[in-house]
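Chain by chain, the residues:
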Amino acid sequence: MNLYLRYFDRETLVSSADEAIDFLAAINEVGMNPVLENDIRDYVASDVFYPKRYKIRPRVYFIIIKTEAATMADFKDKKALHTNQAGNGRDRNASSTVAKLNEERYGWYEGAIDFKRVLLVPGTGKFQYRDTRFVARVKAESGIDCYNRIVEHLLERVDERSQFPSAKGKNFKFCYLGLAK
């Protein structure tokens, strides 16, 4: 496992936490200290593969990315992307959610959507967003069709500034009820 580090136009690919700390210590603006050093060591030792961003001052950061790339050219060409061999389930769940949404199965669906509804506050005359749950049974061809029909129905009945979540997110759930209900 290698580490890619970047601070503005300075970048490097190193193979250990010590090399990463040496690179950052050479940059005066970073201000290497024991707390930052320990945090970098913890990140390198962890199973987390998300990039890590460290704040230097407002709107100024440096990043560390774990990579399988052996050289900077491989990293830049994205030849060594990390694949989730451990299979912690997140990537698998995300793809299965999309697959279930697009699976064509005509019949009745029950869909539940949690969205931000714009409502008028009577005492002040101002508007506010309020979390709202809407559940409906619709005849649809797929999960995404169920979502689209529910959103179309709501758009005709709520303020146009209301915000609807993605069908792929956790704020939309559906279940297939069958052909006849």
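Residues numbered from 1 in each chain as written. Predicted model: local features only at pLDDT ≥ 70, side-chain atom pairs only at ≥ 80, totals over all residues. Heavy atoms only, no water.

### Quick look at unusual backbone geometry
The criterion, for reference: In DSSP terms, a helix is any run of H or I states spanning at least four residues, a strand is any run of E spanning at least two, and both are numbered starting from the N terminus. Note on classification: 1.4 Å probe, protein chains only; a residue is buried when its accessible area is under 20% of the maximum for its type, exposed when over 50%, partly exposed between these limits.
Unlike most non-glycine residues, F8 shows phi in positive territory, near 50°. Summarising the element assignment, F8 is placed in the loop between β1 (2–7) and β2 (10–14). Judged by its relative accessible area of 54%, F8 falls in the exposed class. In this structure, R59 takes a positive phi of about 65° despite not being glycine. For R59, the position within the fold is in the loop between β3 (52–57) and β4 (60–67).

### A short note on helix α1 (residues 17–25)
So the rule is basically this: Each direction from the helix axis to a C-beta atom contributes to the arc, which is the arc of those directions. Note on contacts: a residue pair is in contact if any heavy atoms of the two residues lie within 4.5 Å.
Along α1, the positions that sit buried rather than exposed are A17, A20, I21, F23 and L24. The buried residues of α1 occupy one face: seen down the axis, they fall within an arc of 160°. Contacts from the buried residues of α1 go to β1, β2, α2 (34–45) and β4.

### Remarks on the packing of aromatic side chains
Threshold: Aromatic contacts are taken between Phe, Tyr and Trp rings whose centres are within 6.5 Å, Trp giving its six-membered ring; a plane angle under 30 degrees counts as stacked, one over 60 as edge-to-face, and the others as tilted. A positively charged side chain is recorded as over a ring if its NZ (Lys) or CZ (Arg) lies within 6 Å of the ring centre. The angle to the ring normal must also be within 35 degrees.
Under the definition given, this model contains eight aromatic pairs. Seen from their ring centres, Y7 and F8 are 4.9 Å apart, and the 80° between their planes marks the pair as edge-to-face. Aromatic side chains Y109 and Y176 sit 5.2 Å apart centroid to centroid with 65° between the ring planes, which places their arrangement in the edge-to-face category. Within this pair, whereas Y109 is found in strand β5 (residues 107–120), its partner Y176 is found in strand β7 (residues 172–178), the two being separated by 67 residues in sequence. Here Y109 falls in the buried class, since its relative accessible area comes to 2%. By way of ring pairs, the aromatic residues Y109, Y147, F172, F174 and Y176 are connected into one cluster. One cation-aromatic arrangement involves R53 over Y61; the distance from NZ or CZ to the ring centre is 4.0 Å.

### Some words on the packing of α1 against α2
Cut-off, in case you're wondering: Angles here are taken between N-to-C directions and fall from 0 to 180 degrees, while the axes themselves are lines fitted to C-alpha atoms, restricted in helices to the stretch in contact. Should the near helix be turned anticlockwise from the far one by less than a right angle, the crossing is left-handed, and should it be turned clockwise, the crossing is right-handed. By the convention adopted, Pro, Cys, Tyr, Trp, Phe, Met, Ile, Leu, Val and Ala count as nonpolar, Lys, Arg, Asp and Glu as charged, and the other residues, Gly among them, as polar.
Running from amino to carboxyl end, α1 crosses α2 at an angle of 145°, the nearest separation of the two axes being 10 Å. For the crossing formed where α1 meets α2, the hand is right-handed. Packed against α1, whose contacting residues are A17, D18, I21 and L24, the element α2 presents E37, I40, R41 and V44 at the interface. Its residues assigned to classes, the contact of α1 with α2 comprises five nonpolar, no polar and three charged.

### A look at the sheet that holds β4
Defined as follows: A pair of strands is treated as paired once DSSP finds two or more bridges between them.
Read from one edge of the open sheet, four strands run β2-β1-β4-β3, paired in antiparallel fashion. With one partner strand each, in any of the chains shown, β2 and β3 form the two edges of the open sheet. Here the average twist between neighbouring strands, direction ignored, is 15°. Judged from the five bridges that link them, β1 and β4 form a sheet pairing that is antiparallel. Residue pairing in the sheet places N2 in a bridge with T67 of β4. Each of β1, β3 and β4 is contacted by α2, which is oriented at about 30° to β4, the strand it contacts most.

### A closer look at the environment of A70
Locating A70 in the fold gives a position in the loop between β4 and α3 (72–76). Take A70: its relative accessible area is 61%, and that puts it in the exposed class. The spacing of A70 and V14 is 56 residues in sequence and 9.3 Å in space, taken between C-alpha atoms. If sequence neighbours within four positions are ignored, A70 has contacts with N2 and L13.

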